[in-house]
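Structural features, examined
For reference, the chains in residue letters:
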Amino acid sequence: MRLDKLLVELNIGTRSEVKALLKKGLIFVDGEKIVKPETKVDENTAVITYQGRKYTYQKFHYYVINKPKGVITATEDAHERTVMDVFYSQCPDAPKGLAPVGRLDKDTTGLLLITNDGQLAHDMLSPKKHVDKTYYVELDGELSSEDVSALESGVHIGEGDLTEPATVKYEGGKSCYITIHEGKFHQVKRMFFAVGRQVLELKRTAFGPLTLDEEKLPEGHFTTLNPESFSCK
Ligand code: URA
């Protein structure tokens, strides 16, 4: 890859800014000062030094954010604050082109994966891959054992077919965990509505191999993921 392109990818500056930095002799590649923007470098091995900081290239980036309430799941929006606004405000140096994987409603909190790895995003969302999503749900009332059985075996949410099998962890009271692998619009809220309950609070606690640890990741915070730590096969 051309050195100027790599520097832009590393978020060191815009094309013209990095050209100026190169001209001033401020960029080192593997310890050697390079001034020509067109110099070819191996982006997979090159260590760039600028202002004493070392940069290495990584094609794909993965983060998990604990989505707070009141923001929409979108990359940008003309009117509403998005989860990516929350993310970039804390991590302005993160690469461009990141996007949330899937969608949580504006009033839903919890685990949301953010990446520029389109293939992984596609796999995590593909209905064929049956990736589990677990939600903690607070309700306006208790569930009967018939409600739990209906939720687990499938309910009508106005889509023709019944919802696919789900797992409900309910130990009495007005809250439970539900694990589903579909991702229809407002699916969890509609499933509980189908058994006569209203969802008051909804939080995603797991998505495929990822789980939310709220002690380490309070609402509105993000963490960087090591790509080796998860996959979606
Ligand atoms: N189901 C819902 O109803 N809302 C969400 O945000 C996620 C799943």
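Given the structure is predicted, the values throughout are model-derived calculations rather than measurements.

**A short note on helix α5 (residues 145-153)**
What sets the pattern is the α-helix's 3.6 residues per turn: residues three or four places apart point alike. Within α5 the residues assigned to the buried category are D147, V148 and L151. End-on view of α5: buried residues confined to an arc of 100 degrees, all on one side of the axis. Away from its buried face, by an angle of more than 90 degrees, α5 presents the exposed residues S145, E146 and S153. Residues of α5 that are buried make contact with β9 (167-169) and α6 (187-194).

**As for the pairing of strand β11 (residues 199-207)**
If a strand is regular, its side chains alternate between the two faces of the sheet. In terms of residue burial, β11 counts as a mostly covered element, since seven of its nine residues are buried. Relative to β11, strand β8 (residues 133-139) runs antiparallel, the two being bridged by seven bridges. Note that in β11 the partner of L139 across the bridge is V199. Here two bridges tie β11 to strand β12 (residues 210-211), and the two strands are oriented antiparallel to one another. The residue bridging A206 from the neighbouring strand is T211, located in β12.

**Things to note about the domain arrangement of the protein chain**
What the domain assignment reports for the protein chain is domain 1 (3-56), domain 2 (62-126 + 211-229) and domain 3 (133-207). Each of domain 2 and domain 3 has a C-alpha centre, and the two are 23 Å apart. Each partner contributes residues to the interface: domain 2 has 17 residues there, and domain 3 has eleven residues. Summing both sides of the interface, domain 2 and domain 3 together bury roughly 1,200 Å²; the carbon and sulfur share of this comes to 47%. Looking at the side of domain 2 facing domain 3, the largest losses of area belong to D105, L111 and M124, adding up to 34% of the total buried there. Taken together, the links from domain 2 to domain 3 amount to four salt bridges. Where E201 meets K69, a salt bridge forms, and the shortest distance between an N and an O atom there is 2.9 Å. Across the contact surface, domain 2 and domain 3 share nine residue pairs in polar contact (both at pLDDT 80 or more).

**Some points on the sheet that holds strand β4 (residues 53-55)**
Taken in spatial order, the four strands line up as β2-β1-β3-β4 in an open sheet, and their pairing is antiparallel. Either end of the sheet is taken by a strand with one partner, and the two such strands are β2 (32-33) and β4. By the bridge criterion, three bridges tie strand β1 (residues 27-29) to strand β3 (residues 48-50) in an arrangement that is antiparallel. Its bridge partner lying in β3, I27 is registered against Y50.

**Considering the site of the ligand**
All residues adjacent to the ligand are L104, D105, T108, Y135, H186, Q187, V188, K189 and L202. Note that an oxygen atom of the ligand is positioned 2.8 Å from one of the side-chain N or O atoms of T108. Here a nitrogen atom of the ligand sits 3.1 Å away from a polar atom, N or O, in the main chain of V188. Considering the ligand on its own, with 240 Å² of exposed area, one finds that the protein chains cover 96% of that surface. By residue number, the principal contributor to the shell around the ligand is α6, which donates three residues. Among the residues forming the shell around the ligand, the class breakdown is four nonpolar, three polar and two charged. The residue makeup of the shell around the ligand includes at least three contributed by each of domain 2 (62-126 + 211-229) and domain 3 (133-207).

Rules used in this analysis
- Residues numbered from 1 in each chain as written.
- Predicted model: local features only at pLDDT ≥ 70, side-chain atom pairs only at ≥ 80, totals over all residues.
- Heavy atoms only, no water.
- Buried < 20%, exposed > 50% of the residue type's maximum accessible area, 1.4 Å probe, protein only.
- Helix = DSSP H or I, 4+ residues; strand = E, 2+ residues; numbered from the N terminus.
- Arc of directions from axis to C-beta.
- Contact = heavy atoms within 4.5 Å.
- Pairing = 2+ DSSP bridges.
- Domains from an automatic or database assignment.
- Buried area = accessible area lost by both parts, 1.4 Å probe.
- Salt bridge = Lys/Arg side-chain N within 4 Å of Asp/Glu carboxyl O.
- Polar contact = N/O pair within 3.5 Å; in protein donor to acceptor, adjacent residues only side chain to side chain.
- Near = heavy atom within 4 Å.
- Areas by Shrake-Rupley, 256 points an atom, 1.4 Å probe, with all protein chains shown as cover.
- Nonpolar A, V, L, I, M, F, W, Y, C, P; charged D, E, K, R; others polar.

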